[in-house]
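# Structural characterization, general
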Amino acid sequence: MRFAVAATARLPDLPRMSFPLTVTLLSAAAPLLAVLSERWPGLAPCALCLWQRWPYWVAAGIALAALVLPRPWRGWALMLAAVAVLTSGAIAGLHVGVEQGWWPSPLPACLAAQATPGATVEDLLRGLAPRPNKPCDEPAYLLPGLPLSLAAMNLIYALALAAFIVRGARADRRRAASPGGVNPLSETGRRRA
């Protein structure tokens, strides 16, 4: 019984922990949904699609680390997670431009194999990737009739999630800076006139 009382006395402040945990879950949701879209509707990812997933995992890891950081550092860690999410958004913006034909893909994995004059069929087969790749300039649409590709949806999601994280991190830093750790914008933190 004594152990249970000691363990409960050291439980973290759950409202304080809920925002970094929410950021962790929302950051991990994007690449998990992308993998799910590969399995269920059978959408094949291209090289840029795969690159867009890594910053979300970085953001989830940083937000998870923010759970154990002291309050003054937690806001900065969450801002760093927002930068990671914006990195995925930047890659998504690049991908949308490739899909729309505004610019070519910078990744060699996105380019189709080129036939050289005098090449044999065997030369062409050797030049192919071991696993078929989807070209990056071919948009993948999750919902029929919705004119948003997965890259465009990721761009919108990344911008919205980054704005959500920045807003929450700023509020967390304000709470840390206010006397007693009370949010100056909440009802209990307002001064009575």
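Our subject in this report is the structure included herewith. Quick caveat: nothing in here was measured; it's all calculated off a predicted structure. (Residues numbered from 1 in each chain as written. Predicted model: local features only at pLDDT ≥ 70, side-chain atom pairs only at ≥ 80, totals over all residues. Heavy atoms only, no water.)

### Digging into the overall build of the protein chain
What counts is decided by this rule: A run of H or I in DSSP becomes a helix once it reaches four residues, and a run of E becomes a strand once it reaches two; helices and strands are each numbered from the N terminus. For every residue, the accessible area (1.4 Å probe, protein chains only) is compared with the maximum for its type, and the residue is labelled buried under 20%, exposed over 50%, or partly exposed between those bounds. Here, residues are in contact when the closest pair of their heavy atoms is within 4.5 Å.
A count of helical and extended segments in the protein chain gives 6 helices and 0 strands. Along the chain direction, N to C, the helices and strands of the protein chain fall in the order α-α-α-α-α-α. Counting across all 193 residues of the protein chain, residues that qualify as buried make up 34%. By sequence separation, contacts in the protein chain at least 24 residues apart represent 73% of the contacts at least 6 residues apart.

### Overview of the packing of helix 3 (residues 47-66) against helix 4 (residues 71-100)
What counts, and what does not: Fitted lines through C-alpha atoms give the axes, limited to the stretch in contact for helices. The angle between two N-to-C directions lies from 0 to 180 degrees. Roughly parallel means an angle under 35 degrees; roughly antiparallel, over 145; roughly perpendicular, 65 to 115; everything else is oblique. Three residue categories are used. Nonpolar comprises Ala, Val, Leu, Ile, Met, Phe, Trp, Tyr, Cys and Pro, charged comprises Asp, Glu, Lys and Arg, and polar comprises the others, including Gly.
In contact at an axis separation of 8 Å, helix 3 and helix 4 are set at 170° when each is read in the N-to-C sense. By the criterion of interaxial angle, the relationship of helix 3 to helix 4 is roughly antiparallel. Along the lines of polarity and charge, the residues of the contact of helix 3 with helix 4 split into 20 nonpolar, 4 polar and 1 charged.

### Details of the side chain of Asn154
By secondary structure assignment, the location of Asn154 is in helix 6 (residues 150-177). Taking the relative accessible area as the measure of exposure, Asn154 reaches 11% and is therefore buried. Sequence-distant contacts of Asn154, that is, excluding residues within four places in its chain, are made with Gln52, Tyr56, Ser88 and Ala92.

### Quick notes on the nonpolar core
Inclusion rule: Residues belong to a common nonpolar core when they are buried Ala, Val, Leu, Ile, Met, Phe, Trp, Tyr or Cys residues joined through side-chain atoms within 4.5 Å.
Counting 20 residues, the largest nonpolar core has Val23, Tyr56, Ala59, Leu78, Val85, Leu161 and Ile165 as the members making the most contacts within it. Residue assignment for this core shows that the elements contributing at least two residues are helix 2 (14-39), helix 3, helix 4 and helix 6. With 7 residues, the single largest contributor to this core is helix 4. Among residues more than four places away in sequence, those in contact with Ala59 are Ser27, Ala81, Ala84 and Val85. The next biggest cluster of nonpolar side chains, apart from the first, holds 9 residues, and it includes Cys46, Ala47, Val98 and Cys136.

### Remarks on the state of the cysteines
Test applied: What counts as a disulfide here is a pair of cysteine sulfur atoms lying within 2.5 Å.
Enumeration over the complete set of coordinates arrives at 0 disulfides. We note that Cys46 lacks a disulfide partner, and the nearest cysteine sulfur, in Cys136, lies 3.4 Å from it. According to the relative accessible area criterion, Cys46 is buried, its value standing at 1%. Among the cysteines around Cys49, which has no disulfide bond, Cys46 carries the closest sulfur, lying 3.4 Å off. On the basis of relative accessibility, which here comes to 18%, the residue Cys49 falls in the buried class.

### Notes on helix 6
Heads up, the condition is: One less than the residue count of a helix, multiplied by 1.5 Å, gives the span that helix is expected to have.
Compared with the 40 Å implied by 1.5 Å per residue over 28 residues, the 40 Å span of helix 6 between its first and last C-alpha is a close match. Residues of helix 6 that are buried include every one of Ala151, Ala152, Asn154, Ala158, Leu161, Ala162, Ile165, Gly168, Ala169, Ala171 and Asp172, and no others.

### Re the pattern of salt bridges
Note the threshold: Put simply, a salt bridge is a Lys or Arg side-chain nitrogen that is within 4 Å of an Asp or Glu carboxyl oxygen.
If you walk through the whole model with that rule in mind, you get 1 salt bridge. The closest approach of N and O atoms between Glu38 and Arg53, which form a salt bridge, is 2.4 Å. Here Glu38 is found in helix 2, whereas its partner Arg53 is found in helix 3, with 15 residues between them in sequence.

### Quick word on the side chain of Ser27
What counts, and what does not: Pairing of N or O atoms within 3.5 Å defines a polar contact, subject to two protein rules: one partner must be a possible hydrogen donor and the other a possible acceptor, and residues neighboring in sequence count only if both atoms are side-chain atoms.
Within the fold, Ser27 resides in helix 2. A relative accessible area of 0% means that Ser27 is categorised as buried. For Ser27, the side chain forms a polar contact with the main-chain oxygen of Val23, separated by 2.8 Å. Excluding residues within four positions of it along the chain, Ser27 makes contact with Tyr56, Ala59, Ala60, Val85 and Leu161.

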